[in-house]
Amino acid sequence: MIKLSAILVLTLPLASVKAEKMSKRYSMVIDVTKCYGCMACVAACAGENNVPIGYFRTWVERIVKPEGNVIFVPKQCNHCENPPCLPPCPTGATYRDENGVVLVDDEKCIGCGACVQACPYGARFMNPIKGTADKCTFCDHRLKKNLLPACVEACPTGARIFGSLTEKSELKNIIDTRPTQTLKNYTNANPQIYYINLPKEADR
C-alpha cells in the first residue's frame, strides 16, 4: 500500500501538467487597417527562421480597391483545425502539436510536395536547402521560451495579435467581442488566423 501511494503522489502532478499543456490553442488576429505594408514582419520572419531568399513563410498582399484605396493584407499558414495538408502526407511528417500549431518534422519529410499542393492558401513551399516542406511555425522555438513570434514582435503598428484561444488574452477578447473574418471558409479547414476588416478581394 505504501508503494502504491507513492506512485499516485508522483503521477498525479504529471497528469495535471500534461492536461494544462494540452489546453492551449494558439491563434493570431491580424487587423488589416493597421498594416501599411512596411514588410517588417516578412523580414523578421526570414531572419528568425533562415528562410531562403525568394521564399516566404509570411507575405503581404497589396490590394487596390476600385475607388483607389490601397489595402495591405498579411498572409501565412493558417494553422487550421482541419488542415488539408495533413492527410496527403505519406509519412506523417505534417502534424498538429499539442497547442494546435501545424508543423513539419524534417526527419520524416521525404520532399514529395503533396502537402504543398494540398494547401489551399499557398502557404507551403519546398525548401531548396533542406529538401523538405517549409512553412510558418508560429516560431514554435520562440513560444517554448515564452517569446512572441518574430512577425508579431516586429510589427510597428501592432497589426498582429498573438495568443491562446483557451486563456484570457487580448486575442481571445477580440475574437469574442469583435467581428472577424477567416480565409476560404468553403474549404472547411477552419483556419485559425482571424482578420479584422478583411476586404473581400483578399479572400482568394
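Residues numbered from 1 in each chain as written. Predicted model: local features only at pLDDT ≥ 70, side-chain atom pairs only at ≥ 80, totals over all residues. Heavy atoms only, no water.

1. Focus: the overall build of the chain
The secondary structure content of the chain amounts to six helices and nine strands. The buried share of the chain, reckoned over its 204 residues, is 46%. Taking contacts inside the chain between residues at least 6 apart in sequence as the whole, the part at least 24 apart equals 57%. When the accessible surface of the chain is totalled, it reaches about 11100 Å², and 57% of it is carbon and sulfur. (Helix = DSSP H or I, 4+ residues; strand = E, 2+ residues; numbered from the N terminus. Buried < 20%, exposed > 50% of the residue type's maximum accessible area, 1.4 Å probe, protein only. Contact = heavy atoms within 4.5 Å. Areas by Shrake-Rupley, 256 points an atom, 1.4 Å probe, with all protein chains shown as cover.)

2. Thoughts on the pairing of strand 1 (residues 26-31)
Of all six residues in strand 1, six are buried, a share of seventy percent or more. Of the two faces of strand 1, both are covered, the one formed by Y26, M28 and I30 as well as the one formed by S27, V29 and D31. Bridging between strand 1 and strand 9 (residues 193-196) involves four bridges; their strand directions are parallel. Note that in strand 9 the partner of D31 across the bridge is I196. (Pairing = 2+ DSSP bridges.)

3. A closer look at the packing of aromatic side chains
Across all of its chains, the model carries three aromatic pairs by this definition. Measuring from ring centre to ring centre gives 5.0 Å for F138 and F162, while their planes differ by 75 degrees; the resulting arrangement is edge-to-face. Of this pair, F138 sits in the loop between strand 7 (133-134) and helix 4 (140-143) while F162 sits in strand 8 (residues 160-164), placing them 24 residues apart in sequence. (Phe/Tyr/Trp six-rings, centres within 6.5 Å; stacked < 30°, edge-to-face > 60°.)

4. Brief notes about the sheet that holds strand 9
If you walk across this open sheet you meet the three strands as 8-1-9, and the pairing is mixed. The strands lining the two open edges of the sheet, one partner per strand, are strand 8 and strand 9. Shown here is a sheet whose adjacent strand axes are inclined to one another by a mean of 20 degrees, direction ignored. Two strands pair when backbone bridges link them, and strand 1 and strand 8 are joined in this way by five bridges, in the antiparallel orientation. Bridging across to strand 8, Y26 finds its partner in S164. Packed on one face of the sheet, helix 6 (residues 170-177) meets strand 1, strand 8 and strand 9 and runs near 100 degrees to strand 8. (Axes fitted to C-alpha atoms, helices over the stretch in contact; angles between N-to-C directions.)

5. Notes on the environment of P84
Mapping P84 onto the fold places it in the loop between strand 3 (70-76) and strand 4 (94-96). The exposure class assigned to P84 is partly exposed, which follows from its relative accessible area of 25%. Excluding its chain neighbours within four sequence positions, the residues that come into contact with P84 are A118, P120 and A189.

6. A word on the pattern of salt bridges
Oppositely charged side chains are able to pair whenever their charged atoms sit close together. Counted according to the given criterion, the structure contains 11 salt bridges. Two residues, E48 and R142, come together in a salt bridge whose shortest N-O distance is 3.5 Å. Taken as a pair, E48 in helix 2 (residues 40-49) and R142 in helix 4 lie far apart in primary sequence, 94 residues in all. Since its relative accessible area comes to 30%, E48 is described here as partly exposed. (Salt bridge = Lys/Arg side-chain N within 4 Å of Asp/Glu carboxyl O.)

7. Let's talk about helix 6
Burial in helix 6 covers these residues: L171, I174 and I175. Considered in projection along helix 6, the buried side chains sweep an arc of 95 degrees and stay on one side of the axis. Those residues of helix 6 that are exposed and angled more than 90 degrees off the buried face are E170, D176 and T177. Residues of helix 6 that are buried in the fold lie against strand 1, strand 8 and strand 9. (Arc of directions from axis to C-beta.)

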